[in-house]
Amino acid sequence: MNGIKKMLLPLALLAGTVATAAPVTSAEGNSRTIDIHTDRLSLVFAAAPGSVLTQCHFGARIDNSAPLAVSGTGVPAYPTAEGFDFRNPALRVTHADGDPNTELRYVSHTSKQLADGNVTETAIRLNDRCQALDVELIFTAYARENVITTHALIHNREKGAVELRDFYSSALSLRAGKYLLTHLYGAWAREAQVEHSLLDHGSKSIESSRGVRTTHTEQPAFLLTLDSDSFNEEYGEVIAGALAWSGNFRLNFEVDESDRLTVLAGANPAGSEYTLRPGETFRTPEMIYTYSNQGAGGASRNLHDWARRYGVYRNTHTVPTLLNSWEGAYFDFDFKTLAGMIDDAAAMGLEMFVLDDGWFGNKYPRNSSGAGLGDWQVNVRKLPEGIDSIASYAHARGLKFGIWIEPEMVNPKSELAERHPDWIVRMPGREAPLSRNQWLLDLTNPAVQDFVFEVFDQTMQLSKKIDYIKWDANRNACNAGSAYLPAAEQTRFWFDYTQGFYRVLERIRAKFPDVLIQACASGGGRVEYGALRYFDEVWTSDNTEALSRARIQYGTSLFYPASVMGAHVSAVPNHQTGNRTPLKFRLDMACAGRLGMELQPRQMDDAERAFARKAIDSYKGYREIVLQGDLYRIGTPYDRSGCYAVLYVSKDKQRAVLFTYCLQYQGRTLRPKFRLRGLDPQTNYRIRELNVEKPRFGFDGGTFSGSLLAEAGIEPALSKLYDSGVFLLEAADSEQPIRTAPTGSRSGLR
Ligand code: DGJ
């Protein structure tokens, strides 16, 4: 892990004072600009000592920002409850003496380059006019990725405790004629559904108060298209934001009487009052912003680039293609079952076997979701041979080995619950409701943090051949309370739980820097950049049905790169939706992410297995483009056309892979037209269809210029429901004649 990622890591409560340093650009009584920029993005503040810090610009890069300091167009950069600023405040506290007002004034700022010369950190120091409260706004600018991340440090120098009531990570002000908000909503097995709405006057909030597993219903991420009421992949100004926080969050969008939009983003303050003791500093979660004038596609690509380089635990290790045991065996397996699955996975060319839930618990065997959670000893009835023998079996067949844990949770029917009733999240005196027959463990308690670390550590000791851990979390926090926290500090639970989670992950990563870890939370309940600082990938949804997946993967791709998106082929009829889709369609969908399978291969016939083997083999040949390349979405899976495509282009534009899908029958006479943006217009590309026995389209094997493919496009005749096509494009030396589509062929190139 590189140094910069480390800087993003601990959201610790820091003791000591916020350092003050001599201002580098401000002169007494003189308003100057503080210019934070990347290659194509500027964030400009105006500052004068003793005055309110104002934000004057966020958007395309501007070169001489100095006039903005005197233009008077800025608005308070970090609004507090003061004076005539009646917007929702970013910071609202009750001071030690009961004073509910805060008037932050600029003190100084400093900038420094970090690590690799691509990253600059600017710290702006403010303090209250009357009370000994300091705030430091930290901005980290990533030049090439055009991303600026930000958080606040709130330091209490008062004589008594300060109550933090609202404590957002950032307040971003924008001024445009229209604001089109795009965000994700959903539920278990229906995550990442996309919704667009024009913001009107007043406030709209996107939030979670579920404590744990916070991203099923809402994502802490958004796109804002400016001055337009339609979403566009290629054109227009788009701002993207994403919060790196695994706990409760809130994004508040407020359009005021001057048509100005203020976006507040941070940990959800609802019910989370935080007592900041004298001398303590509170650090807010990190908020990530980017800007593009190339539509939503440009904003997503910026985020993907940033994520792969700085935001995800690491991008040097690709998670291998895998077979997961869950939907193929559930709780019902023994060594023979697993060995058979491993043999079949190896025969299909998969690279890892993951043993999911069900391998542990003896007094209360884990034979269903009703018992055993918390008792992390190998179940000797199911697996007398132990985990090492399965891991060794997999390794002997050339497969890596992964195993499932859910260390934050406990079944009432478990030895752990019998031993440690005080570790369960519940308000003393109230009942803790069960969800999936389980309770949540209290990660605010250091003893529980030790336990969770030990679960991971001891699981890793079960075999030296464990390469991957699937970390699950299958419930939210309800009736929250902690036997560990003092009565007056119960509202800290919501913040301290997540801090405790990160503390454990810090320890795990210090001891196990190389093991691959997936963040799963009943599917996509932990898809966010706070968790991704420690995890290599996420499980996007328990719904593996390929038609549903089109929308789930599309929504996820707005903010997260394909390299973190686990995508599995499962059996038909699908266990969640009951739908039946062709194996090719399922494979073609899963190949657009990190490919895996989640079924009993014995239930596939020989032809299916042979087909899967070929598709997996092709995937290995082009996955680098999917996982590390630039994504160009072509249309959306919501389009009336019923067809949708995604194109991944390698960074050097020498190779690309195009996935095309028909999601809905729309008449045989209609054929979709996909314009392949993102290729090099001057380069000639040879097109080859993959995942088929024989080429189906007239253009297959032909060579076409990037400009032709972008402007005239490609028209594969995908008109039947679940038709799909995967095409590899490779730079060819010279242009070959364009082949016309044979009469009656399925397709042509127009
Ligand atoms: C929920 C996960 O999302 C599934 O993939 C599976 O691991 C089950 N939990 C196991 O209980």
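Being a predicted model, the structure only gives us computed values, none of them experimental. (Residues numbered from 1 in each chain as written. Predicted model: local features only at pLDDT ≥ 70, side-chain atom pairs only at ≥ 80, totals over all residues. Heavy atoms only, no water.)

Student: What is the right way to read the confidence of the model for the protein chain from this model?
Tutor: Atom-level detail of predicted coordinates should not be read off regions where pLDDT is low. In this model, the protein chain carries an average pLDDT of 93, and 94% of its residues clear a pLDDT of 70 or more. Confidence over residues 1-28 falls short of pLDDT 50; this stretch has 88 contacts with residues more than four positions distant or in other chains. Across residues 735-744 the pLDDT falls below 50, and counting only partners more than four positions away or on other chains, this stretch makes 18 contacts in the model. (pLDDT = per-residue confidence, 0-100. Contact = heavy atoms within 4.5 Å.)

Student: What should I look at first to understand the site of the ligand in this one?
Tutor: Neighbouring the ligand are 13 residues, the closest being Asp356, Asp357, Lys470, Asp472 and Asp542. Interatomic distance of 3.5 Å between a side-chain N/O atom of Asn474 and a nitrogen atom of the ligand. Between the ligand and Gly523 there is a distance of 2.9 Å, counted from an oxygen atom to a backbone nitrogen or oxygen. Calculation on the ligand without its partners gives an accessible area of 290 Å², and the protein chains cover 98% of this total. Considering only residue class, the shell around the ligand consists of four nonpolar, three polar and six charged. (Near = heavy atom within 4 Å. Polar contact = N/O pair within 3.5 Å; in protein donor to acceptor, adjacent residues only side chain to side chain. Areas by Shrake-Rupley, 256 points an atom, 1.4 Å probe, with all protein chains shown as cover. Nonpolar A, V, L, I, M, F, W, Y, C, P; charged D, E, K, R; others polar.)

Student: So what exactly am I meant to see when it comes to the packing of aromatic side chains here?
Tutor: Aromatic ring pairs: the centre-centre distance and the angle between the two ring planes describe each pair. Inspection of every chain in the model, using the stated rule, returns 45 aromatic pairs. With a centroid separation of 5.7 Å and 75° between ring planes, the pair formed by Tyr274 and Phe495 is classed as edge-to-face. Taken together, the residues Tyr274 in strand S20 (residues 274-276) and Phe495 in helix H9 (residues 493-511) connect sequence positions 221 residues apart. Both rings, one in Trp423 and one in Phe451, keep their centres 5.5 Å apart while their planes meet at 55°; by these two values the pair is tilted. Here Trp423, found in the loop between helix H7 (415-419) and strand S27 (439-440), pairs with Phe451, found in helix H8 (residues 446-461); they are 28 residues apart in sequence, far enough to count as distant. You can call Phe451 buried: its relative accessible area is 13%. Grouped by ring-pair contacts, the aromatic residues Phe167, Trp245, Tyr274, Phe282, Phe456, Trp471, Phe495, Phe501, Tyr502, Phe512, Tyr534 and Phe535 constitute a single cluster. The positively charged end of Lys382 is found above the aromatic ring belonging to Phe333, 4.9 Å away from the centroid. Above the ring of Phe453, the side-chain terminus of Arg507 is found at 4.2 Å from the ring centroid. (Phe/Tyr/Trp six-rings, centres within 6.5 Å; stacked < 30°, edge-to-face > 60°. Helix = DSSP H or I, 4+ residues; strand = E, 2+ residues; numbered from the N terminus. Buried < 20%, exposed > 50% of the residue type's maximum accessible area, 1.4 Å probe, protein only. Lys NZ or Arg CZ within 6 Å of the ring centre and 35° of its normal.)

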